[in-house]
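# Descriptive analysis of the structure
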Amino acid sequence: MDYTVGELAKRAGLTVRTLHHYEQLGLLRPSGRSEAGYRRYGEADVLRLHRVLALRDAGLSLKDIAPLLDGETPPPLAQVLATQIAQLEAELLTREHLLQTLRNAAKRLQFQGDGGDAVQVLLDVMAMRRIQERHFSPEQLRAMRRRWEALPEAERDAVEAEWPQLIRQAQAALDAGTDPADPAVQQIVRRWRTLQQRFMALVPEGMGAHVQRMYEQEPEIARQSGISAELMAYLRRSRDTLPELNTPGAPDEQH
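Residues numbered from 1 in each chain as written. Predicted model: local features only at pLDDT ≥ 70, side-chain atom pairs only at ≥ 80, totals over all residues. Heavy atoms only, no water.

Another point: helix 3 (residues 43-57). Over its 15 residues, helix 3 extends 21 Å from the first C-alpha to the last, a length consistent with the 21 Å expected when each residue adds 1.5 Å. Remark: Gly59 follows helix 3 within two positions and exhibits a positive phi of approximately 105°. (Helix = DSSP H or I, 4+ residues; strand = E, 2+ residues; numbered from the N terminus. Expected span 1.5 Å × (residues − 1).)

If you want it as structure tokens, here you go:
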């Protein structure tokens, strides 16, 4: 049975314009013409259209489909699919990180309320996204994100809310000239170390040095967090007064 272009389009759930586009690309040419010169599609054409749609729905671009159908030495379908799978996986990783960036921006705005600078928040999380992508692969970022998201949401929110408060307390003590050995400062350092260890426990094995290097090399992190070199030095002096924390090989108090 032959079909007109309109009949084939209707049965395939496409538009006539789409079939014309496929014809222009060489993907589907009518095998015949009516006496009046109208396109006629036969069984072989229908089967070819099915292959085109199947490959398109599998994620292949139209330019990649043509060689599979007509090339003298077309690449193996398995090879084409493997390439497409790799491309889609990379795209998913990128989109996952972008999604997390947007979620972070929304959460910061929620914490700040109406008085926050929404544009600055967005710029900050965009900057952090670029920093993370410089130091970690998409796979590493996904691994850390999944470990973080495995924590109960209430616990994640509590940690995220406590860090800024702790930093402000430490900065206030520094500004007031409080002795690093003061018990109040020592308590800040103890709590700082607890949060730091909780964070580092979420870092997959072998990535701790990468995290440390990121904090050391990226001044933007210090700007956003408020953890200046002067504040870090102050906290280290306080740590040195605590025997239980002042041990060889202990990591610095990085957030």
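Having seen it, we continue.
A few words now on the pattern of salt bridges. Evaluated as defined, the whole model comprises 15 salt bridges. Salt-bridge contacts for Arg145 lead to Glu96; the nearest nitrogen and oxygen are separated by 2.8 Å. Of this pair, Arg145 sits in helix 7 (residues 138-149) while Glu96 sits in helix 5 (residues 77-112), and the two are 49 residues apart along the sequence. A salt bridge links Glu162 to Arg191; its shortest N-O distance comes to 2.6 Å. Here Glu162, found in helix 8 (residues 153-175), pairs with Arg191, found in helix 9 (residues 183-200); they are 29 residues apart in sequence, far enough to count as distant. We classify Arg191 as partly exposed; its relative accessible area is 25%. What you see here is one network of salt bridges that share partners, running through Glu23, Arg33 and Arg39. (Salt bridge = Lys/Arg side-chain N within 4 Å of Asp/Glu carboxyl O. Buried < 20%, exposed > 50% of the residue type's maximum accessible area, 1.4 Å probe, protein only.)

Here we take up the side chain of Ser238. Structurally, the position occupied by Ser238 is in helix 12 (residues 229-239). For Ser238, a relative accessible area of 0% gives the class buried. What Ser238 contacts, discounting residues up to four positions off in sequence, is Pro180, Val185, Gln186 and Val189. (Contact = heavy atoms within 4.5 Å.)

Taken together, the side chains of Leu98, Leu102, Val119, Leu122, Leu123 and Met126 present a nonpolar region at the surface, about 500 Å² in accessible area. Mapped by element, the contributors of at least two residues to the nonpolar patch are helix 5 and helix 6 (118-135). Positionally, Leu122 belongs in helix 6. Among the residues examined, Leu122 registers a relative accessible area of 38% and is labelled partly exposed. (Patch = residues over 30% accessible without salt bridge, like charges linked within 9 Å, V, L, I, M, F, W, Y side chains within 5 Å. Areas by Shrake-Rupley, 256 points an atom, 1.4 Å probe, with all protein chains shown as cover.)

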